Amino acid sequence: MPSPPPHDRLMSFPVAPELLYKGHGTAVSLPPPDLVIEIDITSSSINRMELYASLGVPEVWCYDGSRLIFYQLEGQEYVEREVSPHFPFLSPSEIMGFLEMQEKVGETSMIRGFRQWVRSQI
């Protein structure tokens, strides 16, 4: 029996408590994330791009299982980009090449190769 589609996942990095609370425990506004990476293998009925734009997320990467697209926020609209605004050495085709490599050499070797490649670019 085939496995069910993966659930949406949110990955975030810890935020220092002093950034979350001010004074006597009142929450403060945090800036939007610099980058959202959306992996949507099943078709979603929610247009998250409008949500990301309303939050002011400057860059979004969307992967649908076969294609990766980089978007940059301009005004209230996202515009497709050839390279990442945050990582100008990185293009969707570079990442897709590493994802295809994973099928041949396995995840560990692919990650090792990707890390070496990134180090050579920065």
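Below, the structure is looked at part by part. (Residues numbered from 1 in each chain as written. Predicted model: local features only at pLDDT ≥ 70, side-chain atom pairs only at ≥ 80, totals over all residues. Heavy atoms only, no water.)

**Here we look at the overall build of the protein chain**
Scanning the protein chain for helices and strands turns up four helices and six strands. Reading the helices (α) and strands (β) of the protein chain from amino to carboxyl end gives α-β-β-β-α-β-β-β-α-α. Relative to its 122 residues, the protein chain shows a buried fraction of 25%. The contacts in the protein chain between residues at least 6 apart in sequence include a share of 37% that link residues at least 24 apart. Carbon and sulfur atoms make up 57% of the accessible area of the protein chain, which totals about 9,500 Å². (Helix = DSSP H or I, 4+ residues; strand = E, 2+ residues; numbered from the N terminus. Buried < 20%, exposed > 50% of the residue type's maximum accessible area, 1.4 Å probe, protein only. Contact = heavy atoms within 4.5 Å. Areas by Shrake-Rupley, 256 points an atom, 1.4 Å probe, with all protein chains shown as cover.)

**Remarks on the pairing of strand 3 (residues 35–39)**
Alternating positions in strand 3 separate cleanly, Val36 and Glu38 being buried on one face and Leu35, Ile37 and Ile39 remaining unburied on the opposite face. Bridge count for strand 3 against strand 4 (residues 59–63) is five bridges, and the pairing is parallel. Bridge pairing in strand 4 places glutamate 38 opposite cysteine 62. (Pairing = 2+ DSSP bridges.)

**What about helix 2 (residues 48–55)?**
Every buried residue of helix 2 is listed here: Arg48, Met49, Tyr52 and Ala53. Considered in projection along helix 2, the buried side chains sweep an arc of 140° and stay on one side of the axis. Turned more than 90 degrees off the buried face of helix 2, the exposed positions are Glu50, Ser54 and Leu55. The inward-facing, buried residues of helix 2 contact strand 3, strand 4, strand 5 (68–74) and strand 6 (77–81). (Arc of directions from axis to C-beta.)

**Looking at the packing of aromatic side chains**
One pass over the structure, following the stated rule, counts seven aromatic pairs. With 5.8 Å between their ring centres and 55° between their planes, phenylalanine 89 and tryptophan 117 make a pair best called tilted. Pair noted here: phenylalanine 89 is in the loop between strand 6 and helix 3 (92–105) and tryptophan 117 is in helix 4 (residues 107–121), with a separation of 28 residues, a long-range link. Judged by its relative accessible area of 24%, phenylalanine 89 falls in the partly exposed class. (Phe/Tyr/Trp six-rings, centres within 6.5 Å; stacked < 30°, edge-to-face > 60°.)

**Focus on helix 4**
A rise of 1.5 Å per residue sets the reference length of helix 4, with its 15 residues, at 21 Å; its end C-alpha atoms lie 21 Å apart and thus fit the reference within 8%. Buried residues of helix 4: Met110, Gly113, Trp117 and Val118, and no others. For helix 4, the angular spread of buried residues about the axis comes to 135°, placing them on one side. Summarising the geometry of helix 4, the exposed residues directed more than 90 degrees from the buried face are Thr108, Arg115, Gln116 and Arg119. Residues of helix 4 that are buried in the fold lie against helix 3. (Expected span 1.5 Å × (residues − 1).)

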